[in-house]
Amino acid sequence: MMPGIGGAQSPGGLTLQAHGGYLLRLESFGGLELLRLAREALALDGAMGATGLKVSVNRRRKVVRLAYVAPFTAGRQGAHWYAAHHALPRLLSRAANAAVQAYVYDPDEGEQVIAYGNGRRVGGERVVYEDVELPVPLDQMDDAAFKHMQERWPVGHLAYVFGLTRKELLRLPRVAPSHELSLEGRDAEGAAILEALLPTCQVTLPESDAL
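Residues numbered from 1 in each chain as written. Predicted model: local features only at pLDDT ≥ 70, side-chain atom pairs only at ≥ 80, totals over all residues. Heavy atoms only, no water.

A few words on the overall build of the protein. The secondary structure content of the protein amounts to seven helices and seven strands. Burial analysis of the protein (211 residues in total) assigns 48% to the buried set. Expressed as a percentage of contacts within the protein between residues at least 6 apart in sequence, the contacts between residues at least 24 apart total 68%. A total accessible area of about 10,800 Å² is found for the protein, and carbon and sulfur atoms account for 51% of it. (Helix = DSSP H or I, 4+ residues; strand = E, 2+ residues; numbered from the N terminus. Buried < 20%, exposed > 50% of the residue type's maximum accessible area, 1.4 Å probe, protein only. Contact = heavy atoms within 4.5 Å. Areas by Shrake-Rupley, 256 points an atom, 1.4 Å probe, with all protein chains shown as cover.)

Space inside the largest pocket adds up to approximately 310 Å³. Together, 19 residues line the largest pocket, and Ala18, His19, Lys54, Arg65 and Pro173 are the ones closest to its centre. Among the elements of the structure, strand S1 (19-25), strand S3 (63-69) and helix H2 (75-81) are those that each provide at least two residues to the lining of the largest pocket. Ranked by the residues each element gives to the lining of the largest pocket, the list is headed by S3, at four residues. Classifying every residue of the lining of the largest pocket gives nine nonpolar, six polar and four charged. (1 Å grid on protein atoms, 1.4 Å probe; cavity = no way out; pocket = protein on both sides within 12 Å on 5 of 7 lines; lining within 4 Å. Points joined across faces, edges and corners; volume = space filled by probe spheres on them. Nonpolar A, V, L, I, M, F, W, Y, C, P; charged D, E, K, R; others polar.)

For soluble globular proteins, nonpolar side chains are generally found buried alongside one another. Tyr22, Phe29, Val55, Val64, Leu66, Tyr68 and Leu92 are the most contacted members of the largest nonpolar core, which has 38 residues in total. Residue contributions to this core peak at six residues, all from helix H1 (residues 34-45). Apart from residues lying up to four places away in sequence, Leu92 is in contact with Leu24, Leu32, Leu34, Leu37, Leu66, Asn97 and Val100. The next biggest cluster of nonpolar side chains, apart from the first, holds 22 residues, and it includes Met141, Phe146, Trp153 and Leu169. (Core = buried A, V, L, I, M, F, W, Y, C linked by side-chain atoms within 4.5 Å.)

Applying the stated criterion across every chain yields a total of one cavity of 30 Å³ or more. In terms of lining residues, the largest cavity is bounded by Leu23, Tyr103, Val113, Val155, Leu158, Leu169 and Leu170. Sorting the residues of the lining of the largest cavity by element identifies helix H5 (154-162) and helix H6 (166-170) as the ones contributing at least two each.

Before going further, it helps to examine the packing of H1 against helix H3 (residues 87-95). Taken N-terminus to C-terminus, the directions of H1 and H3 make an angle of 140°; their axes are 8 Å apart at the nearest point. The orientation of H1 relative to H3 falls into the category oblique. At the point where H1 passes H3, the crossing takes the right-handed sense. Contacts from Leu34, Leu37, Ala38, Glu40, Ala41, Leu44 and Asp45 in H1 reach Ala87, Leu88, Leu91, Leu92 and Ala95 in H3. Residue classes in the contact of H1 with H3 are distributed as ten nonpolar, no polar and two charged. (Axes fitted to C-alpha atoms, helices over the stretch in contact; angles between N-to-C directions. Parallel < 35°, antiparallel > 145°, perpendicular 65-115°, else oblique. Left-handed = near helix turned anticlockwise from the far one by under 90°.)

Attention now goes to the packing of aromatic side chains. Counted by the stated rule, this structure contains five aromatic pairs. A ring pair is formed by Tyr22 and Tyr82, whose centres lie 5.1 Å apart and whose planes are at 80°; its orientation type is edge-to-face. Here Tyr22, found in strand S1, pairs with Tyr82, found in the loop between H2 and H3; they are 60 residues apart in sequence, far enough to count as distant. On the basis of relative accessible area, Tyr82 is assigned to the buried category, the value being 2%. Aromatic pair Tyr68 and Trp81: ring centres 6.1 Å apart, planes at 90°, arrangement edge-to-face. Separated by 13 residues along the polypeptide, Tyr68 in strand S3 and Trp81 in helix H2 bring together distant segments of the chain. Pair check on accessibility: Tyr68 and Trp81 agree, each one buried. An aromatic cluster of three or more residues is present, and its members are Tyr22, Tyr68, Phe72, Trp81 and Tyr82. (Phe/Tyr/Trp six-rings, centres within 6.5 Å; stacked < 30°, edge-to-face > 60°.)

This part takes up the packing of H1 against helix H7 (residues 187-197). Two elements in contact, H1 and H7, have axes separated by 8 Å at closest approach and are oriented at 115°. Between H1 and H7, the residues in contact are Leu34, Leu35, Arg36 and Arg39 and Asp187, Gly190 and Leu194, respectively. By residue class, the composition of the contact of H1 with H7 is three nonpolar, one polar and three charged.

Treat this as a map of the structure, not an account of what it does.
Set out below in structure tokens:
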């Protein structure tokens, strides 16, 4: 495998680092009790030491990314934590009556998406980059063919379902609007912050793509 086969480039040419989390489409956070669900999920997963929940939103498509702020979710190893810890998507898919995907993106290894609906696992797919069979050597593929190949992989397919590009989905951890909610904070304050991130009534706002 040539390096960078799974990479996503920022406008400045920097490759995104490994990350993971949970993704879903929401019309509103209203009545969801997200912080309570996040704390309950941590207890079910037996995970200790999380201090916050980072919430990032693509308002254009109402796609939400959730990720714990904790030592066990830091770095490349932390990205892979989401491959095996799915209490939050189980709880959230039932509470929100929506599909929730746990995902892992590791540009040096592969990508994986695991889908939950109504509290149960309903599907999943994983690609290991070194196992990908290329029709021609990577350095001989044109950009369009390479992009088409990536869009068929789990993250690319999920982006298509959400109405985003693969690059947009992979950059969600670093876009605005986003906010880190304290897991020890008051739920009412958290609910107000979430409402500001994804207002029920809103005009179309530009998405920040600053990295």
